[in-house]
Each structure stands twice: as structure tokens, then as C-alpha cells.
Amino acid sequence: MIKITLPDGSVREYEKGTTSMQVAQSISEGLARNVLAAKINEQVWDLSRPIHADSALTLLTWNDTLGKETMWHSSAHLMAEALEALYPGVKFWVGPPLENGFYYDVDLNGQTLSPADFEKIEQKMLELARQNNVYVRKEISKTDAIVYFKDKGDEYKLDLLERLEDGNITLYTQGNFTDLCRGPHIPNTGFIKAAKILNIAGAYWKGDEKNKMLTRVYGITFPKEKELKEYLTMLEEAKKRDHRKLGRELELFTFSEKVGMGLPLWLPKGAMLRERLIQFMQKAQLKAGYVPVATPHIAQKELYVCSGHYEKYGKDSFQPIKTPQEGEEFFLKPMNCPHHCEIYKSSPKSYKDLPVRYAEFGTVYRYEQHGELHGLTRVRGFTQDDAHLFVRPDQVKDEFCKVIDLVMMVLNALDFNDYTAQISLRDPENLSKYIGSDENWRLAEQAIIDSAAEKGLRTVTELGEAAFYGPKLDFMVKDALGRKWQLGTIQVDYNLPERFELEYTGSDNQKHRPVMIHRAPFGSLERFIAVLIEHCGGNFPLWLTPDQVAVLPISEKYNEYAQKTLNLLGESGVRGFVDDRNEKIGKKIRDNEIKKIPFMLVVGEKEEAEAKVAVRAHGKGDIGTFTIPDFAHYINELIESDFNRKDKE
RNA sequence: GCCGAAGUAGCUCAGAGAUCAGAGCGGCUGCCUUGUAAGCAGCGGGUCGCAAGUUUGAAUCUUGCCUUCGGCUCCA
């Protein structure tokens, strides 16, 4: 007999060789019907695999992330089977599950696949799924596996096999399809009741652009037709939040082919929103001891030769600007740090002066690859809320903590609650490629780890993701479609102080090298605003939104009173506009609801007589009448209490 | 940069070798003088992304380029 420990802590005894499926059946029939896979001592197993030793067991269903992954991994095999039936000679690379669905990289063997074929593949998948084919696991010797795939002519699988150890190789077969696969899989294809091919894209074999490009087919499946419908509805909703669409509708920004790709043009409403974000940050930075600096948009080539950026990025960036002077070359600045280093050097520094914190909203230009440009999230000209802190090594931890506070304050003020912080450290296998002393690195890495823990950040640690010049902490936020974007970043840098020979005089009257901290809580205004638009669906916080109120006169007769109302509100810092179009009130309300204006102030005969406004809140409807000073007070109070609430959090 | 798809009015889209290139929304003008999610009528608005080619004839077919979109690679 073996002992099986269940997640609730209870222990049951079973015959040696019992399968997870049998355990499920012994618990309840319903569970046995819904279970997809089992977690045995932290490993996910097929339900049909016999258990031979005492184990902790968790039965995984569709409600578990691991259950979904298993289902989607099995679905990738099902899609492969369908593709093989429809496209003879198709060859397969890998087909993993994703956060939402799965993909399979395939070589179509000269055939083509287009969105018009999606339905055909979906139908084939469902047809095969209905056969309730069992996913059969088979252990196989390496030699036999090589013979099998050689026979099949699938060179990609042979490549995979080369790197696998004998005795550790399994095949999975369902219906007519056999794949080299570690598993695990769901019991049979019958669990898959709904399938959708989402899109296709090119993907280099093994992610190397020198290799052949395979076709990556993305799909998703569900155990119920209804869930697929819900998922597709969710995708539609997410598309409505796309910052590129809302940016146009809310008149925030645009692009022009003449100006050039990746170079955003800010419209008046967007520019004002930007301006408010800048002021918000400047206020917070002044409070935190930053001092503003300002630098030009170009610099001589020599500056970037000194910083090392020329050598690393020179040929892949915007090419130099020539002058009538022979041999003179200027570059558009791709970052602000070298300029700030020169500001640091403009006067001698004492240990008592540190930390020095130079802040600048610096616009930088980077020649991003053509295919990489994406709305406002990836552009060629953008403005960073940049600052550089020059600190003594013993101040790194403390300053780092303060910067985390600032980043968290910003994310909190804009209602970003779902973010993760990525700690990027050195690759322990390859320490020689990093610049700076081992001791300083250890100090800085520990400082980052400790500060993040101290602040209670949800973190992931990535070894080898550090820049060559220092470790960093990045704040990642998801957009409406679940794509991850890096917003705020904090980086420790040992390289630039070295290259620019930055110094301060210590208490020992000796010269010392400061440590530099780069930080940008927004990351860039462009990307931040893009993610913010998607995050709030265009319903910006009241303090930030372009127009807080729309004053709606009932008829032309009240246009004058409407304008007077707006002017009075303006004196209290409330901003908006008068909708004096010759339209019925119902139409004006509809239009301004669509434009997501937070408050609509309806004014007519009654209101003018009483010197009041009838207030309608976006998405809520009528909230009563206010005198104008009362309403101004109401709206300002709302903003203030929102800030106060967040300050306390 | 690579693979694939798409570009028609300010926006969303129809037209798929031969009516004169269309609709809705938005815009403008007029009528109405409006009370909480679309009042009525009229008018503008387009070298059908750009260039070349095939054809008696091209928005429509071919090729090249540009831009955008979905991915890949890259990302200071």
C-alpha cells in the first residue's frame, strides 16, 4: 500500500500502482469527470500513470492554471494532428501552452496557410476531438525514436532528440498523431469541446534570425463552447481599449507618414494630459530632493564614444548629423545620462554633496527596427521622466528604497495594482562580462533584493538579465490584451562613472568614484500613457483627464449662462468646455457620454434662474443640482480625497 | 530587418475588370428652441497608399516601394 496526501492534508491509502484517475474516482464521480491531470510531488503527471510510492497529490481541473496548461498542451497536439491531416508532409518543431492558449511552430513544406483556412482546421480539430482518442504515453529508446522520426522525415524532431538523453524519452500518441513529448496530457481528446485558431505568424526556428522561418499557428481551446464565446467577447472588449483606437477617438495623439514612422504627434488634449503628468512628477521629485537640469537634444559624437554607446549602438542608430565643419559629427541623443555626467563634472563634489539627483524630462531618439514599432508603446522619439542619482556606495540601498517609494507612489496614484517587479542580476556562470568590482556588484544586488523585499514588492528574479554595467529593477504592467510592458525602471550603473571619470572627495580627503542610479518611474511618457489609456479604458482619473466637465445648454438661449458657468468653474481650477452645438439635449448627453466626459452640467431656464447647474455623472446619470461654487468644491474635494486615500495606502 | 495580412471620405466600412466610387457616423448650412443616450432637411468632402505594367478599359489583375496590423528577432 502507498499513502497519498491530498491538498487538504488528509491521507488516504491505495494499492501500489494506483493511478491518479483511480484516486479521483475514489473521491467523487464529478471530480473524476472533470480532472485533467495530477500534480504528484510538484510534478504534473498523466492521470493514467501508476503511482508507486507515497506521494502528495493534487488533482488538476480546468480551474487550475496547470490544468489549463495541460489541456492546451494536449490541444497543440490535437491541432498538429489536424494540420497533418490537412497539409500532408507538414513538419513540426515545438507546440507549448501559453498563458492563453497554445501555439505550434510548423514547417508547412511549401504549402500556405491563411486565415481563410482557420475554420477548416477548427472543424478538423473538433472532428478528431469527438473521437475521444486517448493520449497514450510510451517510453522509447533514443535509437528507436531516431528511427521513427527519420522515417517520418521530421528533421526538427531529430534536432530535439539530439539533445535528449536516452532512457528519458517519451512519445505521446492520440489518434493518428505521434509526437516526441515529455507530457503530461489530458486523458483523451473528448475534453476539448471548442477550438479556435487565433492567428498565424512567422517565427524563426530556435528564435535565431539566421534560421529558416517557421509558421507559428496560435490557437485556444475550451471544455465548453460557452467559454470560447466568452473569451472571444473578452477579446472584443479588449480591442475597444486599445490605446491606438482610444488615442484617436479621444483626440490625444496621431501619427503622420510625412513626419515619419514611430514619431508621435501630440494633439492639444494629449499634450495637456502629458503636461499634467509632468507636473505631477516634478512636484513629487522636488519633494524627494531632486533638482531639475536641462540638456540639448544633440551632442557631439565624442560624448557617445566616451560613454561607450557609440561603439555598441552607433551603426544601428540614427546616423550622425554633419555640419559645414569638416569632420564634425553630432548625434541625436539616445539617452540623457552622458549629458548628466558632464553636469556632475562641472564642479568638484564632496562626499557631503552626495547624493546628487539630477532630473530632466529628456526627449530621446532611438532607431527602433521597423517591425518593432507599436502605437505609443514602442516609438523612435520619446520623453523619459529621467533622473540620475550620483551616490556613495554606502548610500545605494537607501536611495534605491526611496526610488522604489517614488515608483510605487506613481503606480498607486494611477490605480495600477497589478504589476510585478523584475530583479535582473548577473549571470553567475559568466561573471567576467560585467564591469565594476565584484564587491560593488554584490552590494548593489543585495541592496536591490533587500529593498524590494522591504517594500513588499511582488518580484521575479532573472539571472543574467542585468545590463553589463549594473543590476536593475523593472516594473512590468500588462496592456489590455495581456501583453507585458516595462514601465518604471531603476538601474545601478558602475560603467558611466568609470568612463566619465566621475569623482568626489571623501572624508579621507581621497578621490572616490560615485555610483550612478538611473531611474524613470514612468519609463517614458509615451509608453506610460499608452498603458494608462488601456488600463483605465480611456476613463482617466479626474485630476488627469483632459476635460472634467461639459456644460450643456438646453437651447441657444442659455449659451451665455453656460459660458459664464464654465468661466466661474475655471477660476476654481475646473476645466472643460461648453457644448453649444445646435442639438437637442439628449444628443449632447449621448455624445459626451461617448467621449467619456466625467461630468455633464445641464443648464436651462431653471438653472439660470437659480444660478445652479444640473449635474450628470458619466455612467451614473443625474446626481442632482449644485450651485456653481458647490460643484467646484465637490469636484476638487473628489480629487483631493482620492489623493489622500492613496497617500495612506 | 524577417514571415504573413491589410491600405477606398476625418472615422467605420461596402464596391472584386466596363454606371458617374457608395453608405452610416462626424463636419458645414438652414429649420426647429429643444429637459437627461441619436429631431428634420440640404451641402461639402476622394488623384481608391505611391509608382510602373497588363488591358480597348484598372479602386479591382501583376510587380516594386511606402505605411499600418499580427508575430519573430532586437530593445540603452
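Asks: What's the story with helix α17 (residues 559-571) in this structure? I'm lost.
Replies: The terminal C-alpha atoms of α17, which comprises 13 residues, lie 19 Å apart, in line with the 18 Å expected from a rise of 1.5 Å per residue. Among the residues of α17, Tyr561, Ala562, Thr565, Leu566 and Leu569 are the ones counted as buried. What you see down the axis of α17 is that its buried residues fit within an arc of 140 degrees, all on one side. Residues of α17 that are exposed and angled more than 90 degrees away from the buried face: Glu560, Lys564 and Glu571. Two residues or fewer after α17 comes Gly573, characterised by a positive phi angle close to 85 degrees.

Asks: What is the right way to read unusual backbone geometry from this model?
Replies: Along the chain, Gly183 connects to Pro184 via a cis peptide bond; the corresponding omega equals 0 degrees. One can find Pro184 in the loop between β13 (177-180) and β14 (194-204). For the peptide bond that leads from Leu354 to Pro355, omega is 0 degrees, which places it in the cis range. Residue position: Pro355 is located in the loop between α12 (337-345) and β22 (356-365).

Asks: Is there a simple way to think about the environment of Val578 in this case?
Replies: Of note, Val578 is situated in strand β32 (residues 576-578). Along the chain, Val578 and Gln563 lie 15 residues apart, while their C-alpha atoms are 6.4 Å from each other.

Asks: When you look at empty space enclosed by the protein in this model, what are you seeing that I'm missing?
Replies: Empty space among the atoms becomes apparent when a probe as large as a water molecule is rolled across them. Under the counting rule described, the total for this entry stands at one cavity of 30 Å³ or more. Taken together, 13 residues form the lining of the largest cavity, with Leu250, Lys269, Pro546, Lys595 and Ile597 sitting closest to its centre. Split into classes, the residues belonging to the lining of the largest cavity amount to five nonpolar, two polar and six charged.

Asks: Sorry if this is basic, but what is going on with the sheet that holds strand β4 (residues 37-40) here?
Replies: Sheet strands associate in pairs through backbone hydrogen bonding, adopting either a parallel or an antiparallel arrangement. With mixed pairing, five strands are arranged side by side in an open sheet as β2-β1-β7-β4-β5. A strand with exactly one partner marks an edge of an open sheet, and here the two such strands are β2 (11-14) and β5 (43-45). The average angle at which neighbouring strand axes cross in this sheet is 35 degrees, direction not considered. Judged from the two bridges that link them, strand β1 (residues 2-5) and strand β7 (residues 55-60) form a sheet pairing that is parallel. Considered in β7, the bridge of Thr5 is made with Ala56. Along the sheet, helix α1 (residues 20-27) makes contact with β2, β4 and β7, crossing β7 at roughly 75 degrees.

Asks: Would you mind showing me how to read the protein's contact with RNA strand B here?
Replies: Close to RNA strand B lie 49 residues; Glu372, Arg378, Asn582, Lys587 and Arg590 are nearest. Between RNA strand B and the protein, one listed contact pairs a sugar or linking oxygen with a side-chain N or O atom of Glu257 at 3.4 Å. Of all the secondary structure elements, the ones that give two or more residues to the surface near RNA strand B are β14, β15 (213-222), α8 (243-249), α18 (585-594), α19 (605-610) and β34 (612-617). The greatest single-element share of the surface near RNA strand B, amounting to six residues, is contributed by α18. Residue composition of the surface near RNA strand B, by class: 16 nonpolar, 12 polar and 21 charged.

Asks: Got a minute to help me understand the nonpolar core in this structure?
Replies: Nonpolar side chains tend toward joint burial in soluble globular proteins. In terms of nonpolar packing, the biggest core is built from 83 residues, with Leu277, Leu414, Leu473, Phe528 and Phe631 touching the most fellow members. Membership of the second largest hydrophobic core comes to 39 residues, among which are Phe102, Leu108, Met125 and Tyr172.

Asks: Would you mind showing me how to read the pattern of salt bridges here?
Replies: A side chain of one charge can pair with a side chain of the opposite charge if their charged atoms are brought near each other. Applying the stated criterion to the full structure yields 40 salt bridges. Residue Glu237 is joined to Lys240 by a salt bridge in which the shortest nitrogen-to-oxygen separation is 2.9 Å. Here the residue Glu237 and the residue Lys240 both occupy positions in helix α7 (residues 225-240), the gap between them amounting to three residues, near one helical turn. Look at Glu237 and you get partly exposed, because its relative accessible area is 41%.

Asks: Is there a simple way to think about the side chain of Glu445 in this case?
Replies: Along the polypeptide, Glu445 turns up in helix α14 (residues 438-454). Looking at Glu445, its side chain comes within polar contact range of the main-chain nitrogen of Arg426, at 2.9 Å. Every residue in contact with Glu445, bar those within four places of it in the chain, is listed here: Leu425, Arg426 and Pro471.

Asks: I tried to follow the sheet that holds strand β19 (residues 298-300) on my own but got confused; where do I start?
Replies: Across the sheet, three strands lie side by side as β19-β21-β20; this open sheet has antiparallel pairing. Two strands in the sheet have a free side with no partner beyond their single neighbour: β19 and β20 (321-322). Here β19 pairs with strand β21 (residues 329-332) via three bridges, running antiparallel. Counterpart to Gln300 in the pairing with β21 is Phe330.

Rules of the game
Residues numbered from 1 in each chain as written. Chains lettered and ligands numbered in written order. Predicted model: local features only at pLDDT ≥ 70, side-chain atom pairs only at ≥ 80, totals over all residues. Heavy atoms only, no water. Helix = DSSP H or I, 4+ residues; strand = E, 2+ residues; numbered from the N terminus. Expected span 1.5 Å × (residues − 1). Buried < 20%, exposed > 50% of the residue type's maximum accessible area, 1.4 Å probe, protein only. Arc of directions from axis to C-beta. 1 Å grid on protein atoms, 1.4 Å probe; cavity = no way out; pocket = protein on both sides within 12 Å on 5 of 7 lines; lining within 4 Å. Points joined across faces, edges and corners; volume = space filled by probe spheres on them. Nonpolar A, V, L, I, M, F, W, Y, C, P; charged D, E, K, R; others polar. Pairing = 2+ DSSP bridges. Axes fitted to C-alpha atoms, helices over the stretch in contact; angles between N-to-C directions. Contact = heavy atoms within 4.5 Å. Near = heavy atom within 4 Å. Polar contact = N/O pair within 3.5 Å; in protein donor to acceptor, adjacent residues only side chain to side chain. Core = buried A, V, L, I, M, F, W, Y, C linked by side-chain atoms within 4.5 Å. Salt bridge = Lys/Arg side-chain N within 4 Å of Asp/Glu carboxyl O.

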